[in-house]
Amino acid sequence: MQQETTFAAIAGFEGLDETLVPGTNPRRTRSLDNVKVHNGRVSGVLGTTKYRGITTASATTPILGLMQYQGSDLATSVLRVTPTAVHKLNTSTDVWDVVTGTALTGATTDLPPQSDMHKGVLIFTNDGQDRPRKYTNSGNTAVLTGTPPFCKSLVSLMDFLILFNISTDGTTFQPRTARYSNDYDADWALCEGNEVTFNETAGEINCAKRVGNVVVVGKSDNINQLRYIGHPTRFFQEPLKFDQGVFAPRSMATVANAGVIFLATDLQLYICDGQIVKPLPLRVQRKLQSTMDIAQAKWATGTAFPDDDVYHLIYPTSASDTANRGRISYNFRTGEFYHRTYDGHQFTDIMEFRLSNITSNLLIASASDDRVYQMDAADDDDDGTPINRYYDTDWQYFDGSFTGARLVFRRRRDVRVKIRVAADFSDKWLYPKWFDLRGSNATKEDTEILYRLPEPLEGRAFNLRVNFYHGGTTNVGELHQIHLRGMPRLAGEANVYQAA
């Protein structure tokens, strides 16, 4: 008599891997969406909601991007930028107050603004359309005094504010030149020693981020290191060993003390610690290269979320997108990847922040409908749009018949899962069954689900799909283990396998 056996025990999930060869690593999959993989577990994502319940759309459109002013007490003010205006969130009235001052002269096709805190002041540039502006957390924004040059990018390093890709008239730019000042709001006069030229390659400078005491300077065809060495030269620059450039300037984000991550011109993600540039694992690069719309990819934006050590990149998924619908997430501590798709929204910018040192970190995004949304919020859907959360085991080889599976979840109220199976590379999912995760023992953290087929399913390869359904606003489905069960083919038994 045939004996049922476990032919694939899956635990310690590692997330998305589109380079996976079926059957070689059961902890990875080529097929998941709208789930989070963290610390070896798979959980359904939280939803999206209008930030602070503000339903009013911006009067000036579109919202190009988001910025934050952070005070010495770590209290943060949130700002949004449109082509002509800057708005500050009034947390007392939940209204976006206009703090522009003299109107900006931007365009709807501008890249999101680039900004940095310098000497307690927020400094920003709107893609070089206006001279750099300051915001002190009171009153309106204002152009820096001393007539700073127009610039496409900027960064604060020690006592210096550095402007990159500069222009004196706002029309003709010096794409490889940077100018700096240690008296940013008084003196930008051109004098000997306050310019740095990055002529090692032909490309333009489009972004810069600080890593420790080094600035990673992104060019369209290279990455450079800039560091302070003191008088009389002040700064030393050096091109790093890297044969690509930064494709999406706002994709570059600092990820704790690990470095910066950015989207390069080959549509792959890289990390740079200020000294060495390395590609992220190839597991999701194919996802970007196969789904990202290249024509709009320069508008992809990224941010790091400190609570779980994850870098998030939102990107356009098709030529029909007006903004970014896809989201790749990478845990730069553990190497786990996962992915989200927003069916009901598209986003122009994404930003992590917290309102004070005693509040939680939040992830917000400006949307193409000219509102601001809180992402990964305590909600079961994306502001009314259902979320299709699923995880596939990918194909696990077993010559015989599939009989079922034992799955271990965290016990949760208001969460259900649907489990189905496919055989022999077929795209038809069979034998759907629903399970509630509330469990029968309130003292236990985990609950076990037994998924059984009414009859054995013959085949050579099997794929299990788990869909998560959140019925409440706080609890999420969390998968810990999967044990696939089956009966091996007996010696001499006819092989009924047929290719799909």
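Residues numbered from 1 in each chain as written. Predicted model: local features only at pLDDT ≥ 70, side-chain atom pairs only at ≥ 80, totals over all residues. Heavy atoms only, no water.

## Things to note about the nonpolar core
No. 1: Phe402, Leu407, Phe409, Tyr451 and Leu464 are the most contacted members of the largest nonpolar core, which totals 57 residues.
No. 2: A total of 8 residues in this core trace back to one element, the largest contributor, which is strand β39 (residues 446-470).
No. 3: Once residues lying within four places of it in the same chain are set aside, the contact partners of Phe409 are Val417, Leu437, Glu445, Asp446, Thr447, Ile449, Val466, Phe468, Glu478, Leu479 and His480.
No. 4: Residues Val196, Ala208, Val217 and Phe235 belong to the second largest nonpolar core, which totals 15 residues. (Core = buried A, V, L, I, M, F, W, Y, C linked by side-chain atoms within 4.5 Å. Buried < 20%, exposed > 50% of the residue type's maximum accessible area, 1.4 Å probe, protein only. Helix = DSSP H or I, 4+ residues; strand = E, 2+ residues; numbered from the N terminus. Contact = heavy atoms within 4.5 Å.)

## Re the side chain of Asn34
No. 1: Among the secondary structure elements, Asn34 is positioned in the loop between β4 (32-33) and β5 (35-38).
No. 2: For Asn34, a relative accessible area of 2% puts it in the buried group.
No. 3: Engagement of the side chain of Asn34 in a polar contact is seen with the side chain of Arg340, the distance being 3.4 Å. (Polar contact = N/O pair within 3.5 Å; in protein donor to acceptor, adjacent residues only side chain to side chain.)

## A few points about the packing of aromatic side chains
No. 1: Applying the stated criterion to the full structure yields 23 aromatic pairs.
No. 2: With 5.1 Å between their ring centres and 80 degrees between their planes, Tyr342 and Phe347 make a pair best called edge-to-face. For the pair Tyr342 and Phe347, one class covers both residues: buried. (Phe/Tyr/Trp six-rings, centres within 6.5 Å; stacked < 30°, edge-to-face > 60°.)

## Here we look at the sheet that holds strand β8 (residues 65-70)
The pairing of strands in a sheet comes from backbone hydrogen bonds and takes either a parallel or an antiparallel form.
No. 1: The strand order β8-β9-β10-β11 describes an open sheet built from 4 strands, whose pairing is antiparallel. Whereas interior strands pair on both sides, the edge strands pair on one side only; in this sheet they are β8 and β11 (95-98). Each strand of the sheet is rotated relative to its neighbour by a mean of 35 degrees, with strand direction disregarded. (Pairing = 2+ DSSP bridges. Axes fitted to C-alpha atoms, helices over the stretch in contact; angles between N-to-C directions.)

## Topic: the sheet that holds strand β33 (residues 362-367)
No. 1: Reading across from one edge, β7-β34-β33-β32 is the order of the 4 strands in this open sheet, with antiparallel pairing throughout. If you trace the sheet from one side to the other, it starts and ends with β7 (47-50) and β32 (347-353), each paired once. Going from strand to strand, the sheet's axes swing by 30 degrees on average, the running direction of each strand aside.
No. 2: The pairing of β32 with β33 spans 6 bridges and is classified as antiparallel. Bridge pairing in β33 links Met351 to Ile364.

## Some points on the environment of Tyr342
No. 1: With respect to the helices and strands, Tyr342 occurs in the loop between β31 (337-341) and β32.
No. 2: Each C-alpha atom of the pair Tyr342 and Asn34 lies 8.7 Å from the other, and the pair is 308 residues apart in sequence.
No. 3: Setting aside residues no more than four positions away along its own chain, Tyr342 makes contact with Thr48, Arg325, Arg327, Phe347, Met375 and Asp382.
No. 4: A distance of 2.6 Å separates polar atoms of two side chains, one belonging to Tyr342 and the other to Arg327.

## Quick notes on the layout of surface pockets
No. 1: Roughly 1,200 Å³ of volume is contained in the largest pocket.
No. 2: Along its surface, the largest pocket is lined by 41 residues, and Gln68, Asp116, Lys209, Thr254 and Glu352 are the ones closest to its centre.
No. 3: For the lining of the largest pocket, the secondary structure elements donating two or more residues are β8, β12 (114-118), β16 (150-157), β20 (205-211), β24 (253-255), β28 (301-305) and β32.
No. 4: Tallying contributions element by element places β20 first for the lining of the largest pocket, with 5 residues.
No. 5: Residue composition of the lining of the largest pocket, by class: 23 nonpolar, 11 polar and 7 charged. (1 Å grid on protein atoms, 1.4 Å probe; cavity = no way out; pocket = protein on both sides within 12 Å on 5 of 7 lines; lining within 4 Å. Points joined across faces, edges and corners; volume = space filled by probe spheres on them. Nonpolar A, V, L, I, M, F, W, Y, C, P; charged D, E, K, R; others polar.)

## A look at empty space enclosed by the protein
No. 1: Within the structure shown, the criterion is met by 1 cavity of 30 Å³ or more.
No. 2: Considered as a void within the structure, the largest cavity measures approximately 30 Å³ in volume.
No. 3: Lining the largest cavity are Tyr51, Ile54, Thr56, Arg80, Trp96, Arg371 and Val372.
No. 4: When the residues that make up the lining of the largest cavity are grouped by side-chain class, the tally is 4 nonpolar, 1 polar and 2 charged.

## Quick notes on the pattern of salt bridges
No. 1: A full pass over the atoms with the stated rule returns 28 salt bridges.
No. 2: Residue Arg28 pairs with Asp17 through a salt bridge whose shortest N-O separation is 3.1 Å. One end of the pair, Arg28, is in strand β3 (residues 28-29); the other, Asp17, is in the loop between β2 (15-16) and β3, and 11 residues separate them in sequence.
No. 3: Note that Asp349 is salt-bridged to Arg250, the shortest N-O span being 2.9 Å. Here Arg250 lies in the loop between β23 (234-239) and β24 and Asp349 lies in strand β32, a separation of 99 residues in the sequence.
No. 4: Classification of Asp349 by relative accessible area gives buried; the value is 0%.
No. 5: Members of the salt-bridge network, linked through shared partners, are Glu14, Asp17, Arg27 and Arg28. (Salt bridge = Lys/Arg side-chain N within 4 Å of Asp/Glu carboxyl O.)

## Points about the pairing of strand β40 (residues 478-488)
No. 1: Most of β40 sits inside the fold, with 8 of its 11 residues counted as buried.
No. 2: One ladder, built from 6 bridges, connects strand β1 (residues 5-11) with β40; its direction is antiparallel. In the sheet register, Ala9 faces β40, and the bridge partner there is His483.
No. 3: Of the pairings in the sheet, the one linking strand β6 (residues 41-44) to β40 comprises 2 bridges and is antiparallel in character. Each residue of the ladder has a partner; that of Val42, found in β40, is Leu479.
No. 4: Two elements, strand β36 (residues 396-410) and β40, share 9 bridges in a ladder whose sense is antiparallel. Bridging across to β40, Arg406 finds its partner in His483.

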